[in-house]
Amino acid sequence: ATVTDPTPMQNPRDGDRLWNGDGIELFVGSEDLDRTGTLLFSDRQVLLGAKSEGNRHHVVNAADQAAIPMAVLPAPGGYVLEAAIPWTALGTTPSEGKELIFDLAIDDADEGGSRIRQLMWNGGPKNSSDRSYWGRLTLVP
């Protein structure tokens, strides 16, 4: 992701608090796709913190934290975040035509490092506890 941000890479948080600073959040569900409401145990929220060092990722609702190789670099007017998220971290196995529920958010923090706004692809402010408005994603070759 290439993110435009006048105060880039402001995230002093770790673990399940990475959402409260600059970064990217992915929401992925692979089971019971038409069910709305609270998250299922198998749903995943992947937090990718936009910071140059320290603990930069956390997968909410995952007992084992898979290694997620990441690069976060300053760029003119913002930053670039790249991550290679293994399918094991998402709790599912890919296959052609597989459908998932999915959403993506960009978290924006000010110079103090606390989130001041969030840009969501499809859902809303309750994405971390309610899967009702996540979008659909189909895997293609």
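Just above sits the structure.
Conventions adopted
Residues numbered from 1 in each chain as written. Predicted model: local features only at pLDDT ≥ 70, side-chain atom pairs only at ≥ 80, totals over all residues. Heavy atoms only, no water. Helix = DSSP H or I, 4+ residues; strand = E, 2+ residues; numbered from the N terminus. Contact = heavy atoms within 4.5 Å. Areas by Shrake-Rupley, 256 points an atom, 1.4 Å probe, with all protein chains shown as cover. Lys, Arg positive; Asp, Glu negative; His and termini not counted. Charge placed at Lys NZ, Arg CZ, Asp CG, Glu CD. Phe/Tyr/Trp six-rings, centres within 6.5 Å; stacked < 30°, edge-to-face > 60°. Buried < 20%, exposed > 50% of the residue type's maximum accessible area, 1.4 Å probe, protein only. Pairing = 2+ DSSP bridges. Axes fitted to C-alpha atoms, helices over the stretch in contact; angles between N-to-C directions. Core = buried A, V, L, I, M, F, W, Y, C linked by side-chain atoms within 4.5 Å.

Draft legend 1. Quick peek at the overall build of the protein. In terms of regular secondary structure, the protein is built from one helix and nine strands. Listing every helix and strand of the protein by position from the N terminus yields β-β-β-β-β-β-α-β-β-β. If you line up the protein on its principal axes, its C-alpha atoms span 40 × 30 × 25 Å. Across the protein, contacts joining residues at least 24 apart in sequence account for 59% of those joining residues at least 6 apart. Split by element, the accessible area of the protein, about 7,500 Å² in all, is 53% carbon and sulfur. Side-chain charges of the protein comprise 12 positive and 20 negative groups, with the mean position of each set lying 4 Å from the other.

Draft legend 2. Structural view of the packing of aromatic side chains. The tally for this structure, following the rule as stated, stands at two aromatic pairs. Plain terms: the ring middles of Phe27 and Trp134 are 5.6 Å apart, the flat faces sit at 45° to each other, and that makes the pair tilted. Here the residue Phe27 occupies a position in strand β2 (residues 23–29), and Trp134 occupies one in the loop between β8 (115–120) and β9 (135–138), the gap between them amounting to 107 residues. By relative accessible area, Phe27 is classed as buried at 1%. When the ring of Phe102 is compared with that of Trp121, the centres are 6.1 Å apart and the planes differ by 55°; the resulting orientation is tilted. Of this pair, Phe102 sits in strand β7 (residues 99–109) while Trp121 sits in the loop between β8 and β9; the two residues are 19 residues apart in sequence, bridging distant segments of the chain.

Draft legend 3. Spotlight on the side chain of Ser30. Tracing the sequence through the fold places Ser30 in the loop between β2 and β3 (44–49). Using a relative accessible area of 17% as the deciding quantity, one classes Ser30 as buried.

Draft legend 4. Molecular detail of the sheet that holds strand β5 (residues 70–75). If you walk across this open sheet you meet the three strands as β1-β6-β5, and the pairing is antiparallel. Of all the strands in the sheet, just β1 (2–4) and β5 have a single pairing partner and so form its edges. In this sheet, adjacent strand axes meet at a mean angle of 20° when their direction is disregarded.

Draft legend 5. Spotlight on the nonpolar core. In this structure, Val46, Leu48, Val72, Tyr79 and Leu81 are the most contacted members of the largest nonpolar core, which totals 20 residues. Per element, the largest residue contribution to this core is three residues, and it comes from β2. Discounting residues that sit within four places of it in the chain, Leu81 has contacts with Ala1, Ile24, Leu48, Gly49, Ala50, Met70, Ala71 and Val72. Core analysis: the second largest hydrophobic core is formed by six residues, Phe27, Leu33, Ile101 and Met120 among them.

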